[in-house]
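# Topology and contacts: notes
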Amino acid sequence: MRNSDLRDAVAAASRSAFRGLVDFAISEQLSAVLISGDLFDGKERSARTGAFLMAELDRLGDAGIKVFYIKGNHDAENPITGALDLPAQVHAFDARGGMVPLTDDIVIHGVSFADRHAPDSLLPRFKPPVPGVVNIAMLHSSLGGAAGHDIYAPCSLADLAGMGFDYWALGHIHKRQVHSAAPWIVMPGTPQGRDIGESGPKSATLLTIDQGQIDISEVPSSVVEFAQSELDVTETESDEALRGLLKSHLSAMRNQIAAPIGVIRLILTGTPKRHWQILRDRDVWIEQVNELAQATGDLWIDKLLFDLPPPDATEGASGAADELATIMATIRGEPGFAALARDEVETVLQELPVTLRDRLLPDEAARDAMVDKLTKAGADVVLAQMKGAGH
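This text gives an overview of the structure that appears in the document. Being a predicted model, the structure only gives us computed values, none of them experimental. (Residues numbered from 1 in each chain as written. Predicted model: local features only at pLDDT ≥ 70, side-chain atom pairs only at ≥ 80, totals over all residues. Heavy atoms only, no water.)

## Quick look at the overall build of the protein chain
- Helix and strand counts for the protein chain come out as 13 helices and 14 strands.
- For the protein chain, the proportion of its 391 residues judged to be buried stands at 40%.
- Surface exposure of the protein chain reaches about 21,000 Å², of which carbon and sulfur atoms provide 52%. (Helix = DSSP H or I, 4+ residues; strand = E, 2+ residues; numbered from the N terminus. Buried < 20%, exposed > 50% of the residue type's maximum accessible area, 1.4 Å probe, protein only. Areas by Shrake-Rupley, 256 points an atom, 1.4 Å probe, with all protein chains shown as cover.)

Right, dumping it as structure tokens:
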């Protein structure tokens, strides 16, 4: 697979994962598909996305499979969702809440977001469970809060358990977690990770209901699986040893990734004797790791990072490189140098889109931290070249 093919595969991964789940629903002759919000991503407008979704929903309808859908915060802010005329077999719950029978003994309840902000609990909008049947409730919520997620429709697990429903089909947080089995409270996560920050295998949740009893299982759905890994290279004493360790590690990672394509971020750690040579030749190792990864079969490197602290200065006599390190550290602390470095960074920023500038450097403190990080990294590269050449 070429780099361009990989980019296309990653860009299409979310749609491919959704299509795969539709294939599964049809092949297993499921009764319904439940979508607990965020079919769309923020304000991104794409007629192609709308057309794709309608085609997949039509496939479910042609197979006699009903779809129940609640709008999450991203759906509520996206103009496409209001423009779609959803197929007849799709029931989209509104912000007032409601309930719809799936069968004589299963009822689906749901509440949608009215807009992107939902600072208060949506639980008061749910109608009471229907006695004598299985009651499934759909809710898009951050629950009590989660790292990296804003507060949306907050509620506690105790609140959910006290509502009397048999199953809570949750949405919003992109990491799978089964919070409770009595009643079932399940956050299935996203069916496809979007980037390295959403690493690990992704899945949907299959409900099997027999005589009022609910069992659940995972349905793997990732087309591209992102993964992060650290590799201790302390014991490698030659290029050949390091290459062999990398090859073995990447092969093991490929075997652990179930998705057709794996994208990994690899961090080299430890205190190898050849610390400076490795840092000196980091460009060579980046290319080697990319080649080794692709040779394992559809495994790609997102980034290769080097977390290799320098050897203890007390272990050897101070040489020219150590003296240079001291001088560069002194220079980095001088106001004139710092101002010059800030000017260089701000010049580069002018070439970037405004939205990206805001994300990278939202304030002066972030700019100064970036300048310090870059100047230190530059000094490390110079020292690596000098010390590496001396070994």
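## Side note on the nonpolar core
- In terms of nonpolar packing, the biggest core is built from 24 residues, with Leu246, Leu250, Ile264, Leu266, Leu268 and Phe306 touching the most fellow members.
- For this core, the secondary-structure elements that each account for two or more residues are strand 12 (224-232), helix 7 (239-256), strand 13 (261-269), helix 8 (275-280), helix 9 (282-295) and strand 14 (299-307).
- Not counting chain neighbours up to four residues away, the residues in contact with leucine 266 comprise Ser229, Leu231, Leu246, His249, Leu250, Val289, Lys303, Leu304 and Leu305.
- Membership of the second largest hydrophobic core comes to 19 residues, among which are Phe113, Tyr152, Leu160 and Ile185. (Core = buried A, V, L, I, M, F, W, Y, C linked by side-chain atoms within 4.5 Å. Contact = heavy atoms within 4.5 Å.)

## Quick word on the sheet that holds strand 5 (residues 106-110)
- If you trace the six strands from one edge of the open sheet to the other, you get 4-5-6-7-9-8, paired in mixed fashion. Two strands bound the open sheet, and with one partner strand each, they are strand 4 (98-103) and strand 8 (177-181). Mean inter-strand twist for the sheet, computed between neighbouring axes without regard to direction, equals 15 degrees.
- Two strands pair when backbone bridges link them, and strand 8 and strand 9 (residues 184-187) are joined in this way by four bridges, in the antiparallel orientation. Residue pairing for strand 9: alanine 181 is matched across the bridge by tryptophan 184. (Pairing = 2+ DSSP bridges. Axes fitted to C-alpha atoms, helices over the stretch in contact; angles between N-to-C directions.)

## Details of the pattern of salt bridges
- Tallying each qualifying case throughout the model produces eleven salt bridges.
- Among the salt bridges present, the one from glutamate 198 reaches arginine 194, with a minimum N-O distance of 3.1 Å.
- The class for arginine 194 is partly exposed, based on a relative accessible area of 41%.
- A network of salt bridges, in which partner residues are shared, links Arg19, Asp23, Glu56 and Arg59. (Salt bridge = Lys/Arg side-chain N within 4 Å of Asp/Glu carboxyl O.)

## A word on the pairing of strand 13
- Of all nine residues that make up strand 13, nine are buried, and the element is covered over most of its length.
- Here strand 13 shows two buried faces, one formed by Ile261, Val263, Arg265, Ile267 and Thr269 and the other by Gly262, Ile264, Leu266 and Leu268.
- In this sheet, strand 13 lies alongside strand 12 in parallel orientation, the contact comprising nine bridges. Each residue of the ladder has a partner; that of aspartate 232, found in strand 13, is threonine 269.
- In this sheet, strand 14 lies alongside strand 13 in parallel orientation, the contact comprising eight bridges. Its bridge partner lying in strand 14, leucine 268 is registered against phenylalanine 306.

## Digging into the environment of asparagine 73
- Along the chain, asparagine 73 falls in helix 4 (residues 73-77).
- Owing to a relative accessible area of 4%, asparagine 73 belongs among the buried residues under this scheme.
- The spatial distance from the C-alpha of asparagine 73 to the C-alpha of histidine 140 is 8.1 Å, given a sequence separation of 67 residues.
- Look past the residues within four positions of asparagine 73 in its chain and what remains in contact with it is Asp38, Phe113, Arg116, His140, Tyr152 and His172.

## Description of the packing of helix 2 (residues 13-27) against helix 3 (residues 47-62)
- At a minimum axis distance of 10 Å, the contact between helix 2 and helix 3 shows a crossing angle of 10 degrees. Looking at the two axes, helix 2 sits roughly parallel to helix 3. Taken together, the residues of helix 3 that come into contact with helix 2 (itself represented by Arg15, Phe18, Arg19, Val22, Asp23, Ala25 and Ile26) are Arg48, Thr49, Phe52, Leu53, Glu56, Arg59 and Leu60. (Parallel < 35°, antiparallel > 145°, perpendicular 65-115°, else oblique.)

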